[in-house]
Amino acid sequence: AQNRFRYIAQCFARAVCTADRPLIYVLDDLQWCDSASIDLMKTLVTDERNTHFLFVGCYRDDEMDADHHVSVQLDQMKKANVKFTTIELGAMGRDSLASFVSERLRLPRRLTKSMSEIVYRKSLGNPFFATTFLESLVEGGLLTFSPVKMRWIWNEAEADAMNISDDVVEVMAEKIQTLELTTQDLIKIASCIGDTFETSII
């Protein structure tokens, strides 16, 4: 059944991928994909008859060792001379983070310089933690929008004094703990069911 499905997917990709209409398929969090999904990806990527198909896969390399099924498939594709490019995304530098903060607050960089420095020290350029820190400042009332000045304003000393965890799981746990108890109970039940379920179950 899986072979038949992969064959149908391969034929479909060949039919819709043309020089005028190339297809780009993006799949995030490959480290969580099952073997069947990775096998399908390999089938499409290694199809020599389909030259107008681009696959973009995103994954966290710190969650994958050499024995992970994604790592194994990538190694096999390398040996099969499949053309692909690896782009490693690291933390943002000070300049990039300054632009990030400026865009998020919709203010010129000269006005967000102090906030950018604070965010960089707290997040070390990690986009997730930078975003989380800004959200925490808003939730804590330390970063507010002034209807008088029509712009975001903040207290630099108080913002600098706020701490943020460098652990993703801890950050998410803290966010969940801010929810109402009934909502937390629903999340606990839902987590036992899986990532997809009917609302009637809970």
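First, a word on scope: everything that follows refers to the structure included in this document.

Scoring rules and cut-offs
- Residues numbered from 1 in each chain as written.
- Predicted model: local features only at pLDDT ≥ 70, side-chain atom pairs only at ≥ 80, totals over all residues.
- Heavy atoms only, no water.
- Salt bridge = Lys/Arg side-chain N within 4 Å of Asp/Glu carboxyl O.
- Buried < 20%, exposed > 50% of the residue type's maximum accessible area, 1.4 Å probe, protein only.
- Axes fitted to C-alpha atoms, helices over the stretch in contact; angles between N-to-C directions.
- Helix = DSSP H or I, 4+ residues; strand = E, 2+ residues; numbered from the N terminus.
- Parallel < 35°, antiparallel > 145°, perpendicular 65-115°, else oblique.
- Left-handed = near helix turned anticlockwise from the far one by under 90°.
- Contact = heavy atoms within 4.5 Å.
- Nonpolar A, V, L, I, M, F, W, Y, C, P; charged D, E, K, R; others polar.
- Pairing = 2+ DSSP bridges.
- Right-handed = clockwise from strand over helix to strand, strands pointing away.

## Description of the pattern of salt bridges
Enumeration according to the criterion identifies five salt bridges in this entry. Between Arg-60 and Glu-63 there is a salt bridge; the shortest N-O distance is 3.2 Å. Note on Glu-63: relative accessible area 37%, which makes it partly exposed. The salt bridge partner of Arg-94 is Glu-117, with a shortest N-O separation of 3.4 Å.

## Regarding the packing of helix 1 (residues 2-16) against helix 2 (residues 35-45)
Viewed as axis vectors pointing N to C, helix 1 and helix 2 meet at an angle of 40°, and their least axial separation amounts to 10 Å. One element, helix 1, and the other, helix 2, form an angle in the oblique class. Crossing hand, helix 1 versus helix 2: right-handed. Across the interface between the two elements, Gln-2, Phe-5, Arg-6, Ala-9, Gln-10 and Ala-13 from helix 1 touch Ala-36, Asp-39, Leu-40, Thr-43 and Leu-44 from helix 2. By residue class, the composition of the contact of helix 1 with helix 2 is six nonpolar, three polar and two charged.

## Brief notes about the pairing of strand 2 (residues 53-57)
As paired strands, strand 1 (residues 23-27) and strand 2 are joined by five bridges and run parallel to one another. Bridge pairing links Leu-23 to Phe-53 in strand 2. What joins strand 1 to strand 2 is helix 2, and the crossover it makes is right-handed.

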